[in-house]
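A look at the structure
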Amino acid sequence: WRPATELDFYADRTAITADMLDVVGCNYQGWRLEKDEIRFPDRLFAITESFPMDAAWIKKMMDTHPRLIGEFVWTGWDYFGETGLGRVEYGKEGTIWGLIGYPNHHANCGDYDICSFKKPQWYYRHAAYHKNEVYILTSDPAKFGEKYAISAWGLYDCDRVWSYPGMEGRKTTVYLCSVADEVELWQDGVSLGRFTPNEKGIVTFETEYRPGVLTAAAYVNGEETFRDVLETPGTPAELSVKTEVYGETVFCEIAVLDEKGNPCTGYEEEVTVSAVSAEVIGTGSGRIDDRHIYTASACNAYRGRLLAVLRRSDAPAEITVTTEKFAVTVKENG
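What this report covers is the structure whose coordinates are included nearby. (Residues numbered from 1 in each chain as written. Predicted model: local features only at pLDDT ≥ 70, side-chain atom pairs only at ≥ 80, totals over all residues. Heavy atoms only, no water.)

**Comments concerning the pairing of strand E15 (residues 249-257)**
When a strand is regular, its side chains alternate between the sheet's two faces. In this structure, strand E14 (residues 238-246) lies alongside E15, joined through nine bridges in antiparallel fashion. Looking at the pairing, Leu-239 lines up with Val-256 of E15. In this structure, the hairpin formed by E14 and E15 is closed by a connection of two residues, where Gly-247 is found at a positive phi of approximately 65°. The sheet contact formed by E15 and strand E19 (residues 305-312) spans seven bridges and is antiparallel. Within E19, the residue paired with Ile-254 across the bridge is Leu-306. (Pairing = 2+ DSSP bridges. Helix = DSSP H or I, 4+ residues; strand = E, 2+ residues; numbered from the N terminus.)

**Description of the nonpolar core**
Judged by nonpolar contacts, the single largest core of 22 residues is most densely connected at Leu-239, Cys-252, Ile-254, Val-273, Leu-310, Ile-319 and Val-321. Sorting the residues of this core by element identifies E14, E15, strand E16 (270-276), strand E17 (278-284), E19 and strand E20 (318-322) as the ones contributing at least two each. Ranked by residues supplied to this core, first place goes to E15 with four residues. Apart from residues lying up to four places away in sequence, Ile-319 is in contact with Thr-243, Val-250, Cys-252, Val-273, Ser-274, Ala-275, Leu-310, Val-328, Thr-329 and Val-330. (Core = buried A, V, L, I, M, F, W, Y, C linked by side-chain atoms within 4.5 Å. Buried < 20%, exposed > 50% of the residue type's maximum accessible area, 1.4 Å probe, protein only. Contact = heavy atoms within 4.5 Å.)

**Here's the deal with the packing of aromatic side chains**
To describe a pair of aromatic rings, one takes the distance between the centres and the angle between the planes. Overall, the coordinates contain 18 aromatic pairs when judged by the stated rule. Considering the side-chain rings of Tyr-164 and Tyr-209, the 5.5 Å spacing of their centres and the 85° angle between planes classify their relative orientation as edge-to-face. Residue Tyr-164 is located in the loop between strand E7 (148-151) and strand E8 (171-177), and its partner Tyr-209 is located in the loop between strand E11 (202-208) and strand E12 (213-220); the two are separated by 45 residues in the primary sequence. Summarising the burial analysis for this pair, Tyr-164 and Tyr-209 share the class buried. Put simply, the rings of Tyr-28, Phe-51, Trp-97 and Trp-153 pair up and form one aromatic cluster. Its guanidinium or amino end placed over the ring of Phe-40, Arg-43 lies 3.5 Å from that ring's centre, counting from NZ or CZ. One Lys or Arg, Arg-160, reaches over the ring of Tyr-123 and ends 4.9 Å from the middle of that ring. (Phe/Tyr/Trp six-rings, centres within 6.5 Å; stacked < 30°, edge-to-face > 60°. Lys NZ or Arg CZ within 6 Å of the ring centre and 35° of its normal.)

**Structural notes on empty space enclosed by the protein**
Following the criterion strictly, the structure yields one cavity of 30 Å³ or more and no others. Approximately 50 Å³ is the volume attributed to the largest cavity. Val-24, Cys-26, Gln-29, Gly-30, Arg-32, Leu-33, Asp-36, Phe-45, Ala-46 and Ile-47 are the residues that line the largest cavity. The set of elements that each furnish at least two residues to the lining of the largest cavity consists of strand E1 (24-27), helix H2 (33-39) and strand E2 (45-50). Per-class residue counts for the lining of the largest cavity are six nonpolar, two polar and two charged. (1 Å grid on protein atoms, 1.4 Å probe; cavity = no way out; pocket = protein on both sides within 12 Å on 5 of 7 lines; lining within 4 Å. Points joined across faces, edges and corners; volume = space filled by probe spheres on them. Nonpolar A, V, L, I, M, F, W, Y, C, P; charged D, E, K, R; others polar.)

**Some thoughts on helix H4 (residues 120-128)**
H4 sits mainly inside the fold: eight of its nine residues count as buried. Of all the residues in H4, the buried ones are Pro-120, Gln-121, Trp-122, Tyr-123, Tyr-124, Arg-125, Ala-127 and Ala-128.

**What to know about the sheet that holds E14**
Sheet strands line up and pair through hydrogen bonds in the backbone, either parallel or antiparallel. Strand order in this open sheet of four strands is E14-E15-E19-E17, and the pairing throughout is antiparallel. Every interior strand has two partners, whereas the edge strands, E14 and E17, have only one. Recorded for the sheet is a direction-independent mean angle of 25° between the axes of neighbouring strands. (Axes fitted to C-alpha atoms, helices over the stretch in contact; angles between N-to-C directions.)

Below is the structure:
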């Protein structure tokens, strides 16, 4: 509460250490910046831990305060442990704290999940750092209207999905993530409105779910600068298998796609991986409550995708991926 011309308790007790540093890091204390940069005119600052939903605010602070040189979010990549740190909890409102138990086993607060797939947090942060862009996230119509609380390390209960079988005609919420001047949303070619994002870089729309296409546009200085499209996938038509090799390790990204190449986000069937000249050492889908054994060679897909990790021998690996309907064999780096 003290004015910037006085040292508060924290500033006074940390000054002797902070003055020895090239850059002073603050965890979750970006709110201190405006006063501390007056108190300490020679100090550079960094946000060394920040909450996911502070991204737009901190980016704006960096743009307007040159001595704030950057942030480290908690966290870029998801991890085992601190289970449910970034969760939402239905039946409550406000901010929640604490952890939850098995079968959940991820922190669920990363921009990427443990399998390297982009989570909603990634789209939100990317939009905050790219003013010209906009990204679509949606929520499950089955939960529309229910109140829920968000962890300080969480995000809205939404995902990069526009496929909710059996929910046709039910209301749902669509989130547009952007810090552009304005954003607009179309559902099957019909505009649902053009609005200015709030201080967190979010515009929400309520609409009825039906299979089709959502399209969003960003506008800066009145000109359209970017479009994002989210389409309901068709029936599974293709098994995509992409590999990357790092020394002895082969990462194998597997996705079930429709005839247009869209990920089949509702596909959750078992996928089996085998190989010649390589050993399958792990599989996973990024699902936070998946009960499968990570060292197994089979795993159920989640959102239509999964990751397999293999240890190769001296010869090039040949990898076969099998589902009930598909079977694909690829060479490493294929």
